[in-house]
Amino acid sequence: MSNYKRIKGTKDIFGDEINYWYYVENSAKNTLEKYGFKEIRTPIIESEELFSRGVGQETDIVQKEMYTFEDKKGRLLTLRPEGTASVVRAYIENSLINLGSPQKFFYIGPMFRYEKPQSGRYREFYQIGAEIFGTDYPLADAELIHLLHEFFRSLKLTNFKIKINSIGTQKSREKYKKVLKEYYTPFLPNLCEDCQRRYNTNIMRLIDCKIDKEIASNAPSILDYLDNESKEHFEKLKKYLDILEVPYEIDPKIVRGLDYYSKTAFEVEHLDLGEQAVIAGGGRYDDLVEQLGGPKTPAVGFAMGIERIIEALKKEHIEVKKVSQIDVYIAYQGEQAELESIKLSKELRKNDIKTYLNLSKRNLGGQLKHADRLNAKLSIIMGDEEVVNDVVTVRNMETGEQTKVQRSWVIEVILEKLQEFY
Ligand code: HAM
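In the nomenclature of an unreviewed UniProt entry, the protein chain corresponds to Histidine--tRNA ligase from the organism Defluviitoga tunisiensis. We quote the UniProt Subunit (unreviewed entry) comment for the protein chain here in full: "Homodimer."

So, in structure tokens, the structure goes:
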């Protein structure tokens, strides 16, 4: 046993599990490209200040969850806890605004948050995110929500719900925050620890508290306090979603855990996931680009958690295609057979046939067992006898049926036999 263990809250991903990752990532890229998004890759480390300013000083992420450290020159760096602030930084730093507006970016990669690990909640987790810069048009919000719906349906998921809300512009929220504070004041001594703290620092988070649910359910609704601009934006969003036939619920309790949002906020919840049921979340952030030093640029986006989506696929018993199954395993014995096998492996791979050339000193029986364990479709067996007669033996690993094939016909025969597996 190794003395080294995975860091708490992280995962090794291998074997059959990889099939799920390919399924989700490839389908996501496919869908995102259909909507005109282009990939952007940004560093995993950024300056600490990007997130404390971008995500918000009073958020849980900045207060408790960031992996921050000093580098050798004493710079304060953070492993990114989310992707939006990084993409905004890249957008400003590379003057991407000059490429014209609006612009659509997507990203896939690991994020880091020092949270209490539990099912569906990790310290390193993967997000697929999408951001649109340079439009305040509610059609952009609707397009993103439509994309999420189409994506989850393309994965064959059915048991999920899209919830939308408007949390208004920063200005219109001030009035609501006052009303909310008044509502909560009499309950204050009996509220949970988090709510007591947030009462002073981030009052809106009280309404999505999982503990003081009852009190939150009677709290005044943000939707009654929206200014005209936010109200109109929300009405249009709903109209577009109706036209696009996206089913949604309005939930005034969606406030999101990051500070940069204004107007639209939304989440997708999977109904079989228990505590950590939110598989995607996002919203509009019209002030963030300016706040981080760029030109005033309205923006909207979302991110989804790959681990949670995979968990949802398993809960709904959705089978995913096995990727990279080996087509042909080459087993050989004897010096001459080895050299012939090496040549043959090169030919097979040139013909796009997924080939596994034996790399061990096992005997033929052991090699065939290995081929079985690797789930190879066919095996080629090459011994001295085959070399002498200029033939190879082709074995169907599913049925055990074996045939002798002229060396010069191997590629054709293999290609033909592989057809039977599709
Ligand atoms: P978020 O709601 O913090 O939003 O995260 C988005 C998604 O990441 C969540 O819905 C969840 O599926 C997944 N996630 C978050 N934390 C964890 C965790 N500890 N373990 C596993 N999965 C997790 C954002 O990050 C925003 N940047 C989204 C956004 C993009 N808003 C606008 N643009």
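Trainee: In this structure, what is going on with helix H13 (residues 364–373)? I would like to understand it.
Mentor: Since one α-helical turn is 3.6 residues long, residues separated by three or four positions face the same way. Regarding H13, the residues found buried are Gly 366, Gln 367, Leu 368, His 370 and Ala 371. Those residues of H13 that are buried are in contact with strand E12 (328–332), strand E13 (355–357), strand E14 (378–382) and strand E15 (391–396). Where H13 begins, the side chain of Asn 363 points an oxygen toward the backbone nitrogen of Gly 365, at a separation of 3.2 Å. Taken from the residues just after H13, Asn 375 is the one with a positive phi, measuring 65 degrees.

Trainee: How should the site of the ligand be read in this particular structure?
Mentor: Lining the immediate environment of the ligand, one finds 26 residues, of which Glu 82, Thr 84, Glu 115, Glu 131 and Tyr 261 sit closest. Contacts to the ligand include Glu 115, whose side-chain N or O atom sits 2.7 Å from a nitrogen atom. The separation between a nitrogen atom of the ligand and a polar side-chain atom of Tyr 261 is 2.6 Å. The protein chains hide 96% of the 660 Å² of surface that the ligand would expose on its own. Secondary structure elements with two or more residues in the shell around the ligand: strand E6 (124–133), strand E10 (278–284) and strand E11 (299–305).

Trainee: Would you take a moment to explain the sheet that holds strand E8 (residues 249–250) for this structure?
Mentor: Strand pairing in a sheet relies on backbone hydrogen bonds. The paired strands run either parallel or antiparallel. Read across the open sheet, the eight strands follow the order E1-E5-E6-E11-E10-E9-E7-E8; overall the sheet is mixed. Pairing within the sheet leaves two strands with one partner each, and these edge strands are strand E1 (38–39) and E8. As defined by bridge partners, strand E7 (residues 160–166) adjoins strand E9 (residues 264–270) across seven bridges and the pair is classed as antiparallel. When the sheet's bridge partners are listed, Asn 165 is paired in E9 with Ala 265. Those strands touched by helix H5 (residues 138–154) are strand E5 (103–112), E6, E7, E9, E10 and E11, and its axis lies near 20 degrees from that of E11. Across the face of the sheet, helix H11 (residues 306–315) comes into contact with E5, E6, E9, E10 and E11 while running at roughly 55 degrees to E11.

Trainee: What is the right way to read the packing of helix H1 (residues 17–34) against H11 from this model?
Mentor: When two helices pack together, their arrangement is given by the angle between the helix axes and the distance between those axes. Where H1 meets H11, the closest approach of the two axes is 10 Å, and the angle between their N-to-C directions is 110 degrees. The angle between H1 and H11 places the two elements in the roughly perpendicular class. Residues Glu 17, Tyr 20, Trp 21, Tyr 23, Val 24 and Glu 25 of H1 lie in contact with H11, whose contacting residues are Ile 306, Glu 307, Ile 309, Ile 310, Leu 313 and Lys 314. By residue class, the composition of the contact of H1 with H11 is eight nonpolar, no polar and four charged.

Trainee: Would you mind showing me how to read the UniProt feature "domain: Aminoacyl-transfer RNA synthetases class-II family profile" (unreviewed entry) in the protein chain here?
Mentor: Summarizing the sequence annotation, UniProt attributes the feature "domain: Aminoacyl-transfer RNA synthetases class-II family profile" (unreviewed entry) to residues 1–317 in the numbering used throughout. Between the first and last C-alpha atoms of residues 1–317 the distance is 34 Å; the span itself is 37% helix and 20% strand.

Trainee: Sorry if this is basic, but what is going on with the packing of aromatic side chains here?
Mentor: In this description, an aromatic ring pair is defined by two values, namely the gap between the centres and the angle between the planes. In the structure shown here, the tally under the stated rule is 15 aromatic pairs. Measuring from centroid to centroid gives 5.7 Å for Tyr 67 and Tyr 114, while their planes differ by 70 degrees, and the two rings are edge-to-face. With a gap of 47 residues between them, Tyr 67 in strand E3 (residues 67–70) and Tyr 114 in the loop between E5 and E6 connect regions that are remote in the sequence. Overall, Tyr 114 belongs to the partly exposed group, its relative accessible area being 44%. Cluster of aromatic residues (ring-pair linked, three or more members): Tyr 91, Phe 105, Phe 133, Tyr 260, Tyr 261 and Tyr 285.

Criteria and thresholds
- Residues numbered from 1 in each chain as written.
- Predicted model: local features only at pLDDT ≥ 70, side-chain atom pairs only at ≥ 80, totals over all residues.
- Heavy atoms only, no water.
- UniProt positions renumbered as here; feature names shortened; annotations may be inferred.
- Buried < 20%, exposed > 50% of the residue type's maximum accessible area, 1.4 Å probe, protein only.
- Helix = DSSP H or I, 4+ residues; strand = E, 2+ residues; numbered from the N terminus.
- Contact = heavy atoms within 4.5 Å.
- Polar contact = N/O pair within 3.5 Å; in protein donor to acceptor, adjacent residues only side chain to side chain.
- Near = heavy atom within 4 Å.
- Areas by Shrake-Rupley, 256 points an atom, 1.4 Å probe, with all protein chains shown as cover.
- Pairing = 2+ DSSP bridges.
- Axes fitted to C-alpha atoms, helices over the stretch in contact; angles between N-to-C directions.
- Parallel < 35°, antiparallel > 145°, perpendicular 65-115°, else oblique.
- Nonpolar A, V, L, I, M, F, W, Y, C, P; charged D, E, K, R; others polar.
- Phe/Tyr/Trp six-rings, centres within 6.5 Å; stacked < 30°, edge-to-face > 60°.

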